[in-house]
Amino acid sequence: MTQHKIDKILIIGPSWVGDMVMAQSLFMALRQNNPDVQIDVLAPDWSRPLLERMPEVHQAISMPVTHGMFAWQQRKAIGLSLRDKNYDQAIILPNSWKSALIPWFAKIPVRTGWLGEMRYGLLNDPRKLDKHALPMMVQRFVALAQPAADARTPPAYQKPHMIAARSATTIDPPRIEHQQRLILCPGAEFGPAKQWPAAHYADLAVDFIEMGWQVLIMGSKADASTGDEICAHVDPALRSSLINLCGRTQLAEAIDLIDTADVVVSNDSGLMHIAAALQKPLIAIYGPTSTAFTPPLSELAQIVQLPIECSPCFKRECPLGHHKCMKDIQAETITAKIKHHFAK
């Protein structure tokens, strides 16, 4: 295949918050290779607030086809609409066959991605993934910025670094002067196995409220009941410093609000990756998932995971029914780590 000069790249973005955050390391690598390259990202509309906070991205292009939909005609129409954009290369991050259709319909000269689901033809710059050589998702993303001959070599990468907008519309509960803020992120889209118990989050909240901190609980509408449960475990006399914002913020507001935190405590979730990319002090609580594949990419992140024989099991619900990998992590362990951070 004749190599074209690469000045304009279309990225077919992933469908999950954490994956999109980690994709910024790819954007950084592309800009490092060519500081003048234009990077556009075709992704679902929900991801626009993330992309707008990544200075490497020139434009976010709406992907109206939702995750899991085949939508041949719609993908074809999108591809045809992109033909006059004169992209030199497309990099397809999802591994599905259908995700490679739009760049093919758009006739983008170089179409790069990992082989999967028989994508020969749709990709003309295919790479064969060696999962042992590239165990981390961020490595697999960044390797696509390198020549095909280097695909088996673990690439150096820059950690994601988003820049908050702090727009006037951002929800920001008032606090007294110099009051420190702890943000709790108790949700997990993957399933309940990844969730540290609400009662433990409540114990942690009490520890810091009694030290004079303000505590915010953040998550999606699906996490609102978890937030309510945390609040219910806290003495009413302390609740003025505990605010449940689950389901009350859009993603843009959530990003900018997390940027106001002094410390974030989170399950393995999309908000965890956002906190890491905002360079916030972070305690990431892991149980059934592995830190080897998608850890928080930040020097300020500390991971708490117990060495339990059955962990990580990668199950949405505990197959043994005891959920010890999360239940046995006590609030005082997290409190001690945060205190140690501020004592440095």
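Novice: If you had to explain the overall build of the chain to someone new, which residues and values would you point to?
Specialist: When its secondary structure is counted, the chain shows 11 helices and 12 strands. In terms of overall dimensions, the chain is globule-like: its C-alpha atoms have a radius of gyration of 21 Å, near the 20 Å expected for 344 residues. Expressed as lengths along the three principal axes of its C-alpha atoms, the size of the chain is roughly 70 × 50 × 40 Å. Taking contacts inside the chain between residues at least 6 apart in sequence as the whole, the part at least 24 apart equals 62%. Surface accessibility of the chain: about 15700 Å² in total, with carbon and sulfur atoms responsible for 53%. For the chain, the distance from the average position of its 34 positive side-chain charges to the average position of its 33 negative side-chain charges is 8 Å.

Novice: Which residues make up the sheet that holds strand E4 (residues 89–92), and what values do they have?
Specialist: Strand order in the open sheet formed by six strands is E3-E2-E1-E4-E5-E6, with parallel pairing between adjacent strands. The open sheet has two edge strands, strand E3 (59–62) and strand E6 (125–127), and neither has a second partner. Across the sheet, the mean angle separating the axes of adjacent strands is 20° when strand polarity is ignored. Note that E4 and strand E5 (residues 110–114) share four bridges and pair parallel. Counterpart to Gln89 in the pairing with E5 is Val110. Docked against the sheet, helix H1 (residues 17–33) engages strand E1 (8–12), strand E2 (38–43) and E4, running at close to 155° with respect to E2.

Novice: Talk me through the packing of helix H6 (residues 198–209) against helix H11 (residues 331–343); I want residue IDs and the actual numbers.
Specialist: Following both chains from N to C, one finds H6 and H11 inclined at 40°, their axes separated by 8 Å at the closest point. If you check the angle between H6 and H11, you find them oblique. In this structure, H6 crosses over H11, and the sense of that crossing is right-handed. Contacts between H6 and H11 involve His200, Asp203, Leu204, Asp207 and Phe208 from the first element and Ala331, Ile334, Thr335 and Ile338 from the second. Looking at side-chain class alone, the contact of H6 with H11 contains five nonpolar, two polar and two charged residues.

Novice: A description of the side chain of Asp19 should follow, citing residues and the corresponding values.
Specialist: Inspection of the secondary structure puts Asp19 in helix H1. Lys194 provides the closest opposite charge to the buried, unpaired Asp19, separated from it by 9.1 Å. Excluding anything up to four places from it in sequence, Asp19 contacts Pro14, Met137 and Phe141.

Novice: Run through the nonpolar core, naming residues and quoting values.
Specialist: Among the nonpolar cores identified, the biggest contains 59 residues, and Ile11, Leu26, Phe27, Val41, Leu51 and Ile274 are the most heavily contacted of them. The leading source of residues in this core is H1, at eight residues. Discounting chain neighbours no more than four positions away, the residues touching Ile11 are Leu26, Phe27, Leu30, Ile39, Asp40, Val41, Leu42, Ile91 and Leu93. Formed by 31 residues, the second largest nonpolar core is a distinct cluster that contains Leu182, Phe208, Ile308 and Ile329.

Criteria and cut-off values
Residues numbered from 1 in each chain as written. Predicted model: local features only at pLDDT ≥ 70, side-chain atom pairs only at ≥ 80, totals over all residues. Heavy atoms only, no water. Helix = DSSP H or I, 4+ residues; strand = E, 2+ residues; numbered from the N terminus. Rg over C-alpha atoms; globule rule 2.2 N^0.38 Å. Contact = heavy atoms within 4.5 Å. Areas by Shrake-Rupley, 256 points an atom, 1.4 Å probe, with all protein chains shown as cover. Lys, Arg positive; Asp, Glu negative; His and termini not counted. Charge placed at Lys NZ, Arg CZ, Asp CG, Glu CD. Pairing = 2+ DSSP bridges. Axes fitted to C-alpha atoms, helices over the stretch in contact; angles between N-to-C directions. Parallel < 35°, antiparallel > 145°, perpendicular 65-115°, else oblique. Left-handed = near helix turned anticlockwise from the far one by under 90°. Nonpolar A, V, L, I, M, F, W, Y, C, P; charged D, E, K, R; others polar. Buried < 20%, exposed > 50% of the residue type's maximum accessible area, 1.4 Å probe, protein only. Salt bridge = Lys/Arg side-chain N within 4 Å of Asp/Glu carboxyl O. Core = buried A, V, L, I, M, F, W, Y, C linked by side-chain atoms within 4.5 Å.

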